[in-house]
Amino acid sequence: MPDSADQAPDHAHSDAATASRVAKARRLAAYAWSREISGAELLALPASTLRKLARAAETNPPSTGETWQVVADLLDQKDAWAARNPGHPAAVRTHADEKLMWVKPPVKPWAEES
């Protein structure tokens, strides 16, 4: 409810919007985690790559960075859980080989040999 009559209601932070944001974040986190993308790596990706990643996860790209932050937090939580439960089947990353599609390793300059 707005504080005064001249303020519009904040639909972006309603209970329904929050629930939708969390559901979307979980779908995105599941996709990214199985590809061995960490929370820090996710937040370092450019916006265009994040949109592509969301579409690959069959999810509409989030319109705010707030959702991506929730995704990064979920990835960090899952990483910590997987480290504590390495033998659990849910701790296995099923598509780790696809990480290179999203997170490129730094390019090393040619070293001159002497």
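Read on for a plain summary of the structure.

## Focus: the nonpolar core
The biggest cluster of nonpolar side chains holds 21 residues, and the ones touching the most others in it are Ile 37, Leu 42, Trp 68, Val 71 and Leu 75. Elements with a contribution of two residues or more to this core: α1 (15–34), α3 (47–56) and α4 (65–84). At six residues, the largest contribution of residues to this core is made by α1. Residues within four places of Leu 42 in sequence aside, it is in contact with Ile 37, Leu 50, Trp 68, Val 71, Ala 72 and Leu 75.

## Looking at α4
The end-to-end C-alpha distance of α4, which contains 20 residues, comes to 29 Å, matching closely the 28 Å that a straight helix rising 1.5 Å per residue would cover. Buried within α4 we find Thr 67, Trp 68, Val 71, Ala 72, Leu 75 and Ala 82. Looking straight down α4, one finds its buried side chains confined to an arc of 145 degrees; they lie on one side. Turned more than 90 degrees away from the buried face of α4 sit Gln 77 and Arg 84, all of them exposed.

## Section: a positive patch on the surface
A cluster of like positive charges, contributed by Arg 51, Lys 52, Arg 55 and Lys 104, occupies part of the molecular surface. Among the secondary structure elements, Arg 51 is positioned in helix α3.

Parameters at a glance
Residues numbered from 1 in each chain as written. Predicted model: local features only at pLDDT ≥ 70, side-chain atom pairs only at ≥ 80, totals over all residues. Heavy atoms only, no water. Core = buried A, V, L, I, M, F, W, Y, C linked by side-chain atoms within 4.5 Å. Buried < 20%, exposed > 50% of the residue type's maximum accessible area, 1.4 Å probe, protein only. Helix = DSSP H or I, 4+ residues; strand = E, 2+ residues; numbered from the N terminus. Contact = heavy atoms within 4.5 Å. Expected span 1.5 Å × (residues − 1). Arc of directions from axis to C-beta. Patch = residues over 30% accessible without salt bridge, like charges linked within 9 Å, V, L, I, M, F, W, Y side chains within 5 Å. Areas by Shrake-Rupley, 256 points an atom, 1.4 Å probe, with all protein chains shown as cover. Salt bridge = Lys/Arg side-chain N within 4 Å of Asp/Glu carboxyl O. Lys, Arg positive; Asp, Glu negative; His and termini not counted. Charge placed at Lys NZ, Arg CZ, Asp CG, Glu CD.

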